[in-house]
Structures are given as C-alpha cells and as structure tokens.
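# Inside the fold
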Amino acid sequence: MTAAEYRVVVVAHDPERDRTSAQLLAARHPRAAIRCLDTGTLRLEAGAGVAWSTTGSEPLEADALIVRRFSPLASAQAQFELLELLERQGTLVVNSTRALSLSESKLQTTAALAQAGIPVPPTLVTHDVDDARAAVSEFGRAVLKPLYGELGEGVERVEEDVDPELLAERLEAHGVLYVQQYLPNDGTDVRAFVVGNRVVAAMRRVAAPGEWRSNIHQGGVGQPVELPPATEQLAVRAAEALGLDYSGVDLIEGPAGPVVVECNGTPGWLELKSATGCDIAAAIVEHVVDRLDRR
Ligand SMILES: Nc1ncnc2c1ncn2[C@@H]1O[C@H](COP(=O)(O)OP(=O)(O)O)[C@@H](O)[C@H]1O
Ligand SMILES: [Mg+2]
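The rules we used
- Throughout, residues of each chain are indexed from 1 in the direction in which the sequence is written.
- Labels are handed out in written order, letters beginning with A for the chains and numbers beginning with 1 for the ligands.
- Per-residue local features of the predicted model are confined to residues with pLDDT of at least 70, and side-chain atom pairs are confined, for both listing and counting, to 80 or more; whole-chain, interface and lining totals are unaffected and use all residues.
- Calculation of side-chain values draws on the structure's entire complement of heavy atoms; hydrogens and water are dropped beforehand.
- Numbering of helices and strands runs from the N terminus, with a helix taken as a DSSP run of H or I at least four residues long and a strand as a DSSP run of E at least two residues long.
- In this treatment the radius of gyration is a C-alpha quantity, and the globule benchmark scales as 2.2 Å times the residue count to the 0.38 power.
- Here the open area of atoms and residues is found with the Shrake-Rupley method and a 1.4 Å probe, where only the protein chains shown may cover a residue.
- Pairs of residues are marked as contacts when any of their non-hydrogen atoms sit within 4.5 Å.
- Relative accessibility decides the category of a residue: with a 1.4 Å probe and only protein chains considered, values under 20% of the type maximum give buried, values over 50% give exposed, and everything between is partly exposed.
- Here, the arc refers to the directions that run from the helix axis to the C-beta atoms.
- N or O atoms closer than or at 3.5 Å make up a polar contact, with two conditions inside protein: a donor-capable atom paired with an acceptor-capable one, and, for residues adjacent in sequence, both atoms drawn from side chains.
- Definition of nearness: a residue and a molecule or strand are near each other if at least one heavy atom of the residue lies within 4 Å of the molecule or strand.
- Here the term charged refers only to Asp, Glu, Lys and Arg, the term nonpolar to Ala, Val, Leu, Ile, Met, Phe, Trp, Tyr, Cys and Pro, and the term polar to all other amino acids, Gly among them.

## Observations concerning the overall build of the protein
Counting its secondary structure elements, the protein contains nine helices and 15 strands. Relative to the 2.2 N^0.38 estimate, which gives 19 Å for 295 residues, the radius of gyration of the protein is 20 Å and therefore close to what a compact globule would have. If one aligns the C-alpha atoms of the protein with their principal axes, the spans along those axes are about 65 × 45 × 35 Å. In the form shown here, the protein has an accessible surface area of approximately 14300 Å², with 48% of it arising from carbon and sulfur atoms.

As structure tokens, then:
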C-alpha cells in the first residue's frame, strides 16, 4: 500500500463525543490520510524559524486542516491565532480563518451578504435604545440576536410595542443591539448545505410546536427538500461571499423570494444526514482533496 498523498487533519476536541468530527475522521479517501488534532495541545517553538508539534512532541504534519472545534480547555483566541499562522505558512485551512471570523459574527455576516447583493432581512445594528425601538416599530415585528450566538440561543422575537427596558437589558448583555425584521413564514426555514460550489443536501426545518425558531437544537425537525436552482445558487453565492468552503446556509422563503438569514462556518449535519442520507463528511473531504490538487 502506498502512503496517502495528502495529510488531512481534523481540528476537534473529544471526537468520541463529537459525531461530526468522528464522521470526518472515519471518512475514507484513497489519497488522504485523515487524523485528529486537538489544538489545545499545539506547540510552537520560535528560534531559527518556527517549528510545530503537539504536547507529545509529535511533529505536526498537515497539508490541510478541517476546523471543527477548539479545545474548551484552552484559549479560543490562542488556538485561532495558531491556525492563522499555520494558514499564513501555507497550510490549507477549511474553513479559512477569515471566513470563520466573518461567519462567527452576525454583524459581519449580514453586512458581507448585503454588500454582495444577496437578499437579507432588513437589519439595524445600533448602540442606541431609541434607535432600536424606532426600527422595531418600523419593522412591525422584529428579531433580536446576539452577535455571536448559535443554535437559536438568545434569538428572540419582539413586537412593535417592545419595552425599551428589554432593549436596554439586551444592549447591556450583548454590547450592541442587532435588530432584524421578522420575515413572516409558516414555521419553517431551509438549511442548504454548501460544499465548494454546490448544494450537496438541503432540508426544510419545521419548528417545534409553540416554537417559531426552526433550529434543530430548539426541537425543529428536518425534512428533505429539493430546492429550485435559483435558491441553490443563492446559497452558493452566500457561502462564496463569506469565503466559506463549506457552510450551512439558513434561508427563509419570504413573499419576495428566498432571503439568507445566516451562513454557519462550522455547521453540524447530523439531522441533515439522517433526513437526506447525504454523506456530508465524505463531500467535505473530497472538496479538501480537490483544493489541494488545485494548489
Ligand atoms: N429575520 C427572521 N425572520 C423570521 N425568522 C427568523 C429570522 N431570523 C431568524 N429566524 C428564525 O430563528 C432561527 C435562528 O436564527 P439564526 O439567525 O439562524 O441564528 P442561530 O445562529 O442562533 O441559528 C432561524 O433558523 C429562523 O427559524
Ligand atoms: Mg441558524
């Protein structure tokens, strides 16, 4: 058996418990050797140049990194910076640190999408409660979101007559107010999973009874859906606008067509995989090998 051409490393913490990382590690590709790295064990020695290893002093040998999860036991900032450095030194990082940083922030995501001409819900980011209040009454019904949230956590719906006290509390908690028009929908949204320049799988997420957010984490259920080509193209353009190699793109089908709500840079896919049967991990590994080939 010949040695694999590419060394692909999955950045993960405790892959035994993180099933998406486990699926990447179990993916088989004839030209890639796939192993795991806990970035909480990364070491860098600077002297005559820089040398990389892990705490066990194993040298770090990687052509590409697939970033899934940092160690919660170490500084996220330090792990991110180490990845930035590896990337600058020529390691392919998927998703790239720049794309991860943009997609992490709802402010950056919404702005980048809007600048790329992609339809987003009308959104105001402000430090002023009165300003936010005026936007909510203009929107009629609005959604407040923490800039760095996920899984639907902290995403809340407010009505036209929102209490300014509540806005002041959120401003205090989040440091800034992100106010978005609520897009009327039937309690469902679309999760399109983009890998490279195509949608590999998509599902309609149906919110749990009594819930308006359709996140799986909030009890939503996925149903496979065939998207119209224009919606697929929109999801691909959205991922591209943020520089994401792969992404879970959330869309709401508004009265004027599909609107992009967010693009996730480290999306999960367990529900999507069971709803559609698509082997997402294999698609991501294939894409990474493809990018290494094109270097
Ligand atoms: N502007 C909006 N109008 C209607 N529903 C929304 C809007 N924004 C978010 N939602 C609902 O809330 C869910 C979570 O919002 P999202 O922006 O994707 O945050 P998170 O990163 O927490 O998933 C969405 O999947 C959708 O069901
Ligand atoms: Mg979401």
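After presenting the structure, the write-up continues.
## Section: the environment of Leu 242
With respect to the helices and strands, the residue Leu 242 is situated in helix H7 (residues 229–242). Note: C-alpha distance between Leu 242 and Leu 100 (142 residues apart in sequence) is 8.5 Å. Contact partners of Leu 242, with chain neighbours within four places excluded, come to Ala 99, Leu 102, Thr 109, Ala 112, Leu 113 and Cys 263.

## Description of helix H5 (residues 129–139)
Here H5 has its buried residues at Val 129, Ala 132, Ala 135, Val 136 and Phe 139. The arc that holds the buried residues of H5, viewed along the axis, is 120 degrees, so those residues lie on one side. Facing away from the buried side of H5 by over 90 degrees, the exposed positions are Asp 130 and Glu 138. On its buried face, H5 sits against strand E7 (123–126), strand E8 (141–144), strand E9 (156–159), helix H6 (164–174) and strand E10 (177–181). One side-chain oxygen of the residue at the start of H5 lies 3.1 Å from the amide nitrogen of Asp 130, identifying that residue as Asp 128. Just downstream of H5 lies Gly 140, where phi reads positive at about 90 degrees.

## What to know about the site of ligand 1
Neighbouring residues of ligand 1: 25 residues in total, closest Lys 106, Lys 145, Gly 152, Asp 189 and Glu 262. Within the backbone of Gly 152, a nitrogen or oxygen atom sits 2.6 Å from an oxygen atom of ligand 1. Backbone polar atom of Gln 181 to a nitrogen atom of ligand 1: 2.9 Å apart, as the coordinates give it. Notes on ligand 1: free accessible area 540 Å², of which the protein chains cover 98%. Listed by contribution, the elements that provide at least two residues to the shell around ligand 1 are E10, strand E14 (246–254) and strand E15 (257–264). When its residues are assigned to classes, the shell around ligand 1 shows nine nonpolar, seven polar and nine charged.

Keep in mind that these numbers describe shape and distance, not what the molecule does.
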